[in-house]
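Structure at a glance
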Amino acid sequence: MAEELPETPETAEEEPVKQRKNGLYPGVSDELAENMRSGWADTELHDLRPIPQAAQTAARRAALSARFPGERLVVPAGNLKTRSNDTEYPFRASVEYTYLTGDQTENGVLVLEPTTDGHRGTIYLLPRSNRENGEFWLDGQGELWVGRRHSLTEAEQLYGIPASDVRELAGALREATGPVRVVRGYDAGIEAALTDKVTAERDEELRVFLSEARLVKDDFEIGELQKAVDSTVRGFEDVVKVLDRAEATSERYIEGTFFLRARVEGNDVGYGSICAAGPHACTLHWVRNDGPVRSGDLLLLDAGVETHTYYTADVTRTLPVNGTYSELQKKIYDAVYDAQEAGIAAVKPGAKYRDFHDAAQRVLAERLVEWGLVEGPVERVLELGLQRRWTLHGTGHMLGMDVHDCAAARTETYVDGTLEPGMVLTVEPGLYFQADDLTVPEEYRGIGVRIEDDILVTADGNRNLSDGLPRRSDEVEAWMAALKG
């Protein structure tokens, strides 16, 4: 029995495929190796159509080229990350790479090479698994183990950009001359090849540009966000229909129910679902989802489906587990609803980004003063930020391929910027009375309410992408009753 495959002209320059340390087969015989090389049908795909967003990704690369003339630009997709031993986390390509190419393949790298009139783009990918050296059936990432990948020719047809073997890229980058920028944090091997050619400051400028480029969404992106929201609406409906089963088990039943919708209709959830029942609703990012679901309590469900193109919804509803808000729950819920109404009304082109946050916070501060939970006047409360004990977080954020999209944008273009048509943001005020907060009456403690919707800035105002879910307390109760039959 041979310990490794026989050397041939095709494999002489390649490393032998590694064997599993405790595999049951100690090696591969020459006869088996020869047998596995032949007898396979040609599976090359022909006449592939470009991906739906090919025109948009080309325009995005052109804008990037115009911003950094004469410089080599390197944008990696990233590599698989080990979860434990020899198992990996599900791969999700970097937003920057996918935004510019539409591809979602691990180890992929987009390189824009400077030319006299712009840039020449190449997408570097792993080609089909090698059948001569046995990689396709012996390597843990071979195609018989993890599935077929596109050939380089197929990739060119899909993405509208020349494709080359990524295994040759690191060496080429080491020999490259001239100014280079790379998006850091995704591919250590690519960064190592460029270590003496790049600077952190210049690379950050590239990352910031790509973040700010996503502030205004094109028509394709808006359509994908609407798909994500529509699936999310159906996921919320799924949850309401099984609340009795969640009561019999835990918050995990809610998490699993929504996840099923996300996986059937999309790529995944866009972030860890927050399925917070009872006092867990007061923990902003409660993702353990292992607590009880009790009749009489509220369920704060913050969840979003991510589409196959990586655009995610981000929606929150706070629902009475038994279908009816108590008097106090309704009072608190209605205050948050009124705050959200004020925030949504402030979303319009030409408005300051901060306006919707300020409008919502003012309403919540007014209610807290009215209820005697904080000493007024309201202007004093807002000036000192005293309402933040119970409101805690900002009232929203940009939304897109990341749930907190455009996070690397400059403050002056984001938080201190102005709203434009095509921007998509969340409006999500909340009130949270912690279970151990001795500054509020006992009956308030453990109640948390957040309402969140995904809002598109339009030419004449805004459009609520998630208006398929009711928001007003009486409408929520009627909706839940109808779903429960």
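For clarity, every value in this text was computed on a predicted model and none was experimentally measured.

So, the overall build of the protein chain
Across its full length, the protein chain carries 17 helices and 17 strands. C-alpha atoms of the protein chain, sized along the principal axes, occupy 85 × 55 × 40 Å. Residues classed as buried in the protein chain amount to 51% of the 485 residues present. The long-range share in the protein chain, meaning contacts at least 24 apart out of those at least 6 apart in sequence, stands at 70%. Accessible area of the protein chain: about 22800 Å², with a carbon and sulfur share of 49%. Across the protein chain, the mean location of the 53 positive side-chain charges is 3 Å away from that of the 85 negative side-chain charges.

Observations regarding the side chain of Arg317
With respect to the helices and strands, Arg317 occurs in strand S12 (residues 315-320). Here Asp453 takes part through its side chain, which lies 2.9 Å from a polar atom of the side chain of Arg317.

Considerations on helix H2 (residues 54-67)
Here H2 spans 20 Å end to end across 14 residues, near enough to the 20 Å set by a 1.5 Å rise per residue. Buried residues of H2: Ala54, Thr57, Arg60, Arg61, Leu64 and Ser65, and no others. All buried residues of H2 fall inside an arc of 140° around its axis, so they share one side. Set apart from the buried face of H2 by more than 90 degrees, the exposed residues are Ala55 and Ala66.

Digging into a nonpolar patch on the surface
Together, Trp40, Leu144, Trp145 and Val146 line one region of the surface with nonpolar side chains, adding up to about 450 Å² of accessible area. Position of Val146 among the secondary structure elements: in helix H5 (residues 143-146). A relative accessible area of 47% means that Val146 is categorised as partly exposed.

Let's talk about the sheet that holds strand S10 (residues 298-303)
Reading across from one edge, S9-S10-S12 is the order of the three strands in this open sheet, with antiparallel pairing throughout. Looking along the sheet, the strands with just one partner apiece sit at the ends: strand S9 (274-277) and S12. Strand-to-strand, the axes of this sheet are offset by a mean angle of 10°, without reference to chain direction. The sheet contact formed by S9 and S10 spans four bridges and is antiparallel.

So, the sheet that holds strand S7 (residues 180-182)
Spatially, the five strands line up as an open sheet ordered S6-S5-S4-S1-S7, and their pairing is mixed. Each edge of the open sheet is held by one strand with a lone partner, namely strand S6 (163-165) and S7. Here the average twist between neighbouring strands, direction ignored, is 25°. As paired elements, strand S5 (residues 118-125) and S6 share three bridges and run parallel to each other. From the neighbouring strand, Leu125 faces S6, where its bridge partner is Asp165. Packed onto the sheet, helix H6 (residues 152-159) meets S5 and S6 and runs at close to 150° relative to S6. Sheet strands touched by helix H9 (residues 200-212): strand S1 (72-76) and S7. Its angle to S7, the strand with the most contacts, is close to 60°.

Regarding the packing of helix H10 (residues 219-241) against helix H12 (residues 251-265)
For the pair H10 and H12, the least separation of the axes is 9 Å and the interaxial angle reads 145°. Classified by chirality, the crossing of H12 by H10 is right-handed. The segment H10 lies against H12, with Ser231, Thr232, Arg234, Gly235, Phe236, Asp238 and Val239 engaging Ile254, Thr257, Phe258, Arg261 and Glu265.

A word on the packing of aromatic side chains
Applying the stated criterion across every chain, the model contains eight aromatic pairs. Judged by centre distance (5.5 Å) and plane angle (80°), the rings of Trp40 and Phe136 are edge-to-face. Of this pair, Trp40 sits in the loop between helix H1 (30-37) and H2 while Phe136 sits in helix H4 (residues 135-138), placing them 96 residues apart in sequence. Its relative accessible area of 41% is what places Trp40 among the partly exposed residues.

Examining the pattern of salt bridges
Tallied over the full model, the rule gives 35 salt bridges. Its salt-bridge partner being Asp218, residue Arg60 comes within 3.0 Å of it at the nearest N-O pair. Of this pair, Arg60 sits in helix H2 while Asp218 sits in the loop between H9 and H10, and the two are 158 residues apart along the sequence. Taking the relative accessible area as the measure of exposure, Arg60 reaches 9% and is therefore buried. Relative accessible area serves as the criterion here: at 23%, Asp218 is assigned to the partly exposed category. The network of salt bridges with shared partners includes Glu71, Arg181, Arg202 and Glu205.

Re the UniProt feature "domain: Aminopeptidase P N-terminal" (unreviewed entry) in the protein chain
The UniProt entry lists residues 51-191 under the feature "domain: Aminopeptidase P N-terminal" (unreviewed entry), expressed in the numbering used here. Taken as a whole, residues 51-191 contains 34% helix and 22% strand, while its terminal C-alpha atoms sit 29 Å from one another.

Focus on the confidence of the model for the protein chain
Per-residue pLDDT for the protein chain has a mean of 95; in total, 96% of the residues score no lower than 70. Looking over the protein chain, one finds the lowest element-wise mean pLDDT in H4, namely 93, and the highest in strand S16 (residues 453-458), namely 99. Every residue in residues 1-13 is under pLDDT 50, and counting partners more than four places away or in other chains gives 23 contacts.

Some remarks on the nonpolar core
In this structure, Ile254, Ile332, Trp371, Leu431 and Phe433 are the most contacted members of the largest nonpolar core, which totals 90 residues. Here this core gets nine residues from one element, more than from any other, and that element is H10. Not counting the four nearest positions on each side in its chain, Trp371 is found in contact with Lys331, Ile332, Ala335, Leu431, Phe433 and Tyr444. Leu215, Phe356, Cys406 and Tyr414 belong to the second largest nonpolar core, which has 17 residues in total.

Quick notes on the pairing of strand S17 (residues 461-464)
Sheet topology note: the S16/S17 ladder contains four bridges and is antiparallel. What sits directly across from Leu456, in S17, is Arg463. What sits between the antiparallel neighbours S16 and S17 is a turn of two residues.

Cut-offs and rules
- Residues numbered from 1 in each chain as written.
- Predicted model: local features only at pLDDT ≥ 70, side-chain atom pairs only at ≥ 80, totals over all residues.
- Heavy atoms only, no water.
- Helix = DSSP H or I, 4+ residues; strand = E, 2+ residues; numbered from the N terminus.
- Buried < 20%, exposed > 50% of the residue type's maximum accessible area, 1.4 Å probe, protein only.
- Contact = heavy atoms within 4.5 Å.
- Areas by Shrake-Rupley, 256 points an atom, 1.4 Å probe, with all protein chains shown as cover.
- Lys, Arg positive; Asp, Glu negative; His and termini not counted.
- Charge placed at Lys NZ, Arg CZ, Asp CG, Glu CD.
- Polar contact = N/O pair within 3.5 Å; in protein donor to acceptor, adjacent residues only side chain to side chain.
- Expected span 1.5 Å × (residues − 1).
- Arc of directions from axis to C-beta.
- Patch = residues over 30% accessible without salt bridge, like charges linked within 9 Å, V, L, I, M, F, W, Y side chains within 5 Å.
- Salt bridge = Lys/Arg side-chain N within 4 Å of Asp/Glu carboxyl O.
- Pairing = 2+ DSSP bridges.
- Axes fitted to C-alpha atoms, helices over the stretch in contact; angles between N-to-C directions.
- Left-handed = near helix turned anticlockwise from the far one by under 90°.
- Phe/Tyr/Trp six-rings, centres within 6.5 Å; stacked < 30°, edge-to-face > 60°.
- UniProt positions renumbered as here; feature names shortened; annotations may be inferred.
- pLDDT = per-residue confidence, 0-100.
- Core = buried A, V, L, I, M, F, W, Y, C linked by side-chain atoms within 4.5 Å.

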